[in-house]
Amino acid sequence: MVSRIQSRPRKASGGESVRDESTFAEALASVHAAVLRPEVLIEEVPAPTRLAPSALALAGEVIPSRNADDEPIATGRFVLLHDPDEPEPWEGAWRVVTYAKAAVEPEVGHDPYVGRVGWSWLTDALEHRGLTWAAEAGAVTCVLSESFGALSDREPTVEMEIRASWTPLDGHQIDDHLQAWGDLLCTIAGLPPLPEGVVALPQRR
């Protein structure tokens, strides 16, 4: 699914460092084996260098045609951080930082509850995967664009963006957190959920 996944271990010596690298390597292996919907294409991008001793960043696009040359209907990013010292704000050793963005129906931009709806898409995706998490934080933003004058013939557009971070409480389920983010990306893109019992085929990119 994802090629050239590499960890960025901290430069320390001793048994503790080896264990930390091994822990993150196991998480990377699970991410590599994760199965997302075939409409979700992802690739590794440069990870942040100062947020944690180990990090991985993935960029994602939702393309219904599954042709990487076509325009995506949603985009996003999934960043995995690991710090065995468990920073206090995280409430754990892992941290997932994400965003998902897509154009939505214009009337959505006028819905006073759009933020709550967008946030529920994230929590529902996590709950559907049976995950546990802590220290969640985020924001839902809708940007309405209207054109005037010589451009008045253009239809109004609304772009929704969900930015969120949370702490996985089980480091052995990192692949499921990636899948939950993929589900969120498909939801904001307006794709219907897969029928019960249908499993997405592994993708290649």
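Note that the structure is predicted; figures quoted are calculated from it, not measured.

Engineer: Got a minute to help me understand helix α2 (residues 114-128) in this structure?
Structural biologist: Each α-helix turn comprises 3.6 residues. Residues three or four places apart therefore point the same way. Here α2 contains 15 residues, and its C-alpha end-to-end distance of 21 Å stays within 8% of the 21 Å for a straight helix at 1.5 Å per residue. Within α2 the residues assigned to the buried category are Val114, Gly118, Leu122, Thr123, Ala125 and Leu126. Phi turns positive one or two residues past the end of α2, at Gly130, with a value near 70°.

Engineer: Would you mind showing me how to read the packing of aromatic side chains here?
Structural biologist: A ring pair, where both rings are aromatic, is described by two values, the distance of the centres and the angle of the planes. Summed over all chains, the structure comprises two aromatic pairs. Taking 6.2 Å as the distance between ring centres and 20° as the angle between the ring planes, the aromatic pair formed by Phe24 and Trp94 counts as stacked. Within this pair, whereas Phe24 is found in helix α1 (residues 15-33), its partner Trp94 is found in strand β4 (residues 94-104), the two being separated by 70 residues in sequence. Residue Phe24 is classed as buried on the basis of its relative accessible area of 0%.

Engineer: Hey, could you run me through the nonpolar core in this one?
Structural biologist: Nonpolar side chains in soluble globular proteins generally cluster together in the buried interior. Counting residues in hydrophobic clusters, the biggest one holds 40 residues, and the most contacted among them are Leu80 and Leu178. Contributing elements (two or more residues each) for this core: α1, β1 (40-45), β2 (54-62), β3 (74-82), β4, α2, β6 (157-168) and α3 (174-188). The greatest single-element share of this core, amounting to eight residues, is contributed by α3.

Engineer: Just to check I follow, could you spell out the pattern of salt bridges for this structure?
Structural biologist: Here the idea is simple: oppositely charged side chains can pair when their charged atoms come close. As enumerated under the stated definition, the model contains three salt bridges in all. Here Glu39 ties to Arg37 by a salt bridge, and the two come within 3.2 Å at their closest N and O atoms. No difference in accessibility class separates Glu39 from Arg37, as the two residues are buried. Salt-bridge contacts for Asp183 lead to Arg129; the nearest nitrogen and oxygen are separated by 3.0 Å. Residue Asp183 is found in helix α3, and its partner Arg129 is found in the loop between α2 and β5 (133-145); the two are separated by 54 residues along the sequence.

Engineer: Please clarify how the environment of Arg163 should be interpreted in this entry.
Structural biologist: Relative to the helices and strands, Arg163 resides in strand β6. A relative accessible area of 42% means that Arg163 is categorised as partly exposed. Taking the C-alpha atoms as reference points, Arg163 and Ala137, separated by 26 residues in sequence, lie 8.4 Å from one another. When residues no more than four places from it in sequence are discounted, the contact partners of Arg163 are Thr98, Tyr99, Trp119, Ala137, Gly138 and Ala139. One polar contact links Arg163 to Glu161, side chain to side chain, over a distance of 2.8 Å.

Engineer: Explain the pairing of β2 here, please?
Structural biologist: The two faces of a sheet get side chains in turn, since along a regular strand they alternate between them. When you tally the buried positions in β2, you get eight out of nine residues, the bulk of the element. By the bridge criterion, six bridges tie β1 to β2 in an arrangement that is antiparallel. Each bridged residue has a counterpart across the sheet, and for Val40 the counterpart in β2 is Val62. Alignment of β2 against β3, held across nine bridges, turns out to be antiparallel. Bridging from a neighbouring strand, Ala57 pairs with Val79 of β3.

Engineer: Sorry if this is basic, but what is going on with the sheet that holds β1 here?
Structural biologist: Whenever strands of a sheet pair, they do so through backbone hydrogen bonds, lying parallel or antiparallel. Spatially, β1-β2-β3-β4-β6-β5 is the arrangement adopted by the six strands of the open sheet, whose pairing is antiparallel. Pairing within the sheet leaves two strands with one partner each, and these edge strands are β1 and β5. Taken over all neighbouring pairs, the strand axes of this sheet differ in orientation by 15° on average, direction set aside. Taken strand by strand, α2 contacts β5 and β6, and its axis lies near 140° from that of β5.

So, how was this worked out
Residues numbered from 1 in each chain as written. Predicted model: local features only at pLDDT ≥ 70, side-chain atom pairs only at ≥ 80, totals over all residues. Heavy atoms only, no water. Helix = DSSP H or I, 4+ residues; strand = E, 2+ residues; numbered from the N terminus. Expected span 1.5 Å × (residues − 1). Buried < 20%, exposed > 50% of the residue type's maximum accessible area, 1.4 Å probe, protein only. Phe/Tyr/Trp six-rings, centres within 6.5 Å; stacked < 30°, edge-to-face > 60°. Core = buried A, V, L, I, M, F, W, Y, C linked by side-chain atoms within 4.5 Å. Salt bridge = Lys/Arg side-chain N within 4 Å of Asp/Glu carboxyl O. Contact = heavy atoms within 4.5 Å. Polar contact = N/O pair within 3.5 Å; in protein donor to acceptor, adjacent residues only side chain to side chain. Pairing = 2+ DSSP bridges. Axes fitted to C-alpha atoms, helices over the stretch in contact; angles between N-to-C directions.

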